[in-house]
Structures are given as structure tokens and as C-alpha cells.
Amino acid sequence: DRKYSIKEPEPVSAGQINYIEQYLKSCISAVQGSDYEAVKELIDVKSFAQAYIVFEMFKNPDTDYSSFYMYKDVDGKLKCGPIWDFDMSVGNVSHKGSGVFKDPTYLWSAQKNPWFKGLVSFDDFRALIGEELATNKSAVFAKIDDITTYARAHDDAYKANFEKWDVIGKNTWTNPPYITAIKTWEGQLEYVEDYLEKSYAALEKEYPPPTNTSGE
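Each chain carries its own residue numbering, running from 1 in the written order of its sequence. Side-chain atom pairs in this predicted model are given and counted only at pLDDT of 80 or more, local residue features only at pLDDT of at least 70, and totals for whole chains, interfaces and linings cover all residues. Side-chain measures here rest on the full set of heavy atoms in the structure, leaving out hydrogens and waters.

### Points about the pattern of salt bridges
- Salt bridge criterion: a side-chain nitrogen from Lys or Arg within 4 Å of a carboxyl oxygen from Asp or Glu. Evaluated as defined, the whole model comprises nine salt bridges.
- Residue Glu 21 is joined to Lys 25 by a salt bridge in which the shortest nitrogen-to-oxygen separation is 3.3 Å. Placement of both Glu 21 and Lys 25 in helix 1 (residues 14-31) is noted, with a separation of four residues, approximately one turn of the helix.
- On the basis of relative accessibility, which here comes to 38%, the residue Glu 21 falls in the partly exposed class. By the criteria applied, helices consist of DSSP H or I runs no shorter than four residues and strands consist of E runs no shorter than two, each listed in order from the N terminus. When a residue's accessible area, from a 1.4 Å probe over protein chains only, is under 20% of the maximum for its type it is buried; when over 50% it is exposed; and in between it is partly exposed.

### Considerations on helix 9 (residues 185-206)
- Any helix carries an expected span of 1.5 Å times its number of residues minus one. Its 22 residues place the ends of helix 9 32 Å apart at the C-alpha level, agreeing with the 32 Å of an ideal helix rising 1.5 Å per residue.
- Burial in helix 9 covers these residues: Trp 185, Gly 187, Gln 188, Leu 189, Tyr 191, Glu 193, Tyr 195, Leu 196, Ser 199, Tyr 200, Ala 202 and Leu 203.

### Describing the state of the cysteines
- Here, two cysteine sulfur atoms that lie within 2.5 Å of each other are counted as a disulfide. Going through the model one piece at a time under the given rule, you end up with zero disulfides.
- Of all cysteine sulfurs in the structure, the one in Cys 80 sits closest to Cys 27, which takes part in no disulfide; the separation is 12 Å.
- Overall, the relative accessible area of 8% leaves Cys 80 in the buried class.

### Here we look at the packing of helix 3 (residues 45-58) against helix 6 (residues 123-153)
- Helix axes use the C-alpha atoms of the stretch in contact, all axes being lines fitted to C-alpha atoms, and the angles between their N-to-C directions lie in the range 0 to 180 degrees. Running from amino to carboxyl end, helix 3 crosses helix 6 at an angle of 55°, the nearest separation of the two axes being 9 Å. Judged by the angle between their axes, helix 3 and helix 6 are oblique. Pair helix 3 / helix 6 crosses with right-handed handedness. Contacts between helix 3 and helix 6 involve Val 45, Lys 46, Phe 48, Ala 49, Gln 50, Tyr 52, Ile 53 and Met 57 from the first element and Phe 125, Leu 128, Ile 129, Glu 132, Leu 133, Val 140 and Ile 144 from the second.
- A per-class count over the contact of helix 3 with helix 6 returns twelve nonpolar, one polar and two charged. Each angle is binned into one of four classes, with values under 35 degrees roughly parallel, values over 145 roughly antiparallel, values of 65 to 115 roughly perpendicular, and all other values oblique. Here is the rule for handedness: rotate from the far helix to the near one, and if that takes an anticlockwise turn smaller than a right angle the crossing is left-handed, while a clockwise turn gives right-handed. Only heavy atoms enter the contact rule, under which two residues are in contact if any of them lie within 4.5 Å. Ten residue types, Ala, Val, Leu, Ile, Met, Phe, Trp, Tyr, Cys and Pro, are classed as nonpolar, four, Asp, Glu, Lys and Arg, as charged, and the remainder, Gly among them, as polar.

### Some remarks on the packing of aromatic side chains
- Only the six-membered ring of Trp is used, alongside the rings of Phe and Tyr, when aromatic pairs are assigned; centres must lie within 6.5 Å, and planes under 30 degrees apart are stacked while those over 60 apart are edge-to-face, with the rest tilted. Per the counting criterion, the structure on display carries 15 aromatic pairs.
- Relative to Tyr 207, the ring of Tyr 52 lies with its centre 5.6 Å away and its plane at 85°, an arrangement referred to as edge-to-face. One end of the pair, Tyr 52, is in helix 3; the other, Tyr 207, is in the segment after helix 9, with 155 residues separating them in the sequence.
- The class for Tyr 52 is buried, based on a relative accessible area of 0%.
- With a centroid separation of 5.7 Å and 80° between ring planes, the pair formed by Phe 58 and Phe 86 is classed as edge-to-face. Separated by 28 residues along the polypeptide, Phe 58 in helix 3 and Phe 86 in the loop between strand 2 (78-80) and helix 4 (109-112) bring together distant segments of the chain.
- Every member of this aromatic cluster is reached through a ring pair, and the members are Tyr 52, Phe 55, Phe 58, Phe 68, Phe 86, Phe 116 and Tyr 207.
- The criterion is that NZ of a Lys, or CZ of an Arg, lies within 6 Å of the ring centre and within 35 degrees of the ring normal, and then a charge sits over that ring. The aromatic ring of Tyr 23 is capped on one face by Lys 72, whose charged end is 4.8 Å from the ring centroid.
- Just above the ring of Trp 165 sits the side chain of Lys 164; from NZ or CZ to the centre is 5.6 Å.

Shown next, in the form of C-alpha cells:
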């Protein structure tokens, strides 16, 4: 019941449209099925696991209907990406979700995106998410630290920006009340940092890395 828009190639031939349609139908059928090997034959599961982590960590509300891109190279498998459109994320959503985005532990994409909803039903895919979380944790938190450190080091620039653009603490679409209640840019930065850390921890709890066992 989902519609898909072909962005490239442009123009697209009738033969290409038919091929893309049939390949997508095969992928959707596999994701909604029970054979993980069939899924791996058609899609690049690692790319979907990595994209899922980003979408879920940032709580991007668009994954249930829009701004969800996939691509396929000639003779390649279907991959998830590029990921983009995160203006409404990290809880900055008031027009949908009935307030669920305030909670950084809420797993929106796993419930609302049909691709992720199907994939997380497979234990092997859940284990892959756990592996990716463990593998990339240091890099993720280093990046968060780099960004917040940079921001605090440029305090004057941020203050000047919000003197020019008086939006902090104001109800501009689509800011919810708990966002507008934070009246300083430093407070907004701390909010984002805390939100992402809690979101990542929730993902780790939901998708622990597989435990290696040995017969020795």
C-alpha cells in the first residue's frame, strides 16, 4: 500500500520501471516473510541496519511515509540510503506521534517503517544491529563530543546568531512545548546531547550484540 517515486535514472524507461517495480515487490515480500536467507539475497542488510540505527537514534518521524531513500547498483543488492531530512528529529516534533518523540527510548521506526518493522522480526537482523551498535559506539560518541565541544568553543557566534534570529524559546513550527521551554542555546545543546545518549542506550538495550560462545 506504499507508493515509491523513482528519482534516478532520469528519464526512466518502461523497462526500467518494470524491473524496479518487480525487484521492489520481491524485496518487500522477502522482508515480510520468514526466510532471512531470501532477504539477504535481495538486500544489503548491513546498509539497512546502519540506516535504521541513525533513523531510530534521532527519532526521525518521516520514516513512516517520506524521506526514506533506497538505491540499487546494476547487478547489486538493494541498499538503504542516502539518509537525510532531519529537521524534525531529536524530539523536535509536535504535529504527529501524539507526543511519543519526547521519549528518547521510543522505537518509532521499528514500528512505523514497513522495511524496518519486517527486518527487526528476524533475530539475525537484530543481532546485526547489535553488532553495528557495539562496533560504532566509540565513533558515535566521539562525534557527539566533537560537535558539542566545537559549539561551546564558538559561544559568541551562537549568541550573535540568536540575537539576529530570535527563535530560542519561541513556538515556531514544529517545536513542541518541551523544546520551547528551553530558553538558551546552551540548554538546547545539552538537551540534544542528553537525548542522543539516552536514545543510543535504548537501542543497545533493545538490540544487544550477539554473545560469542565456544565449546572449549
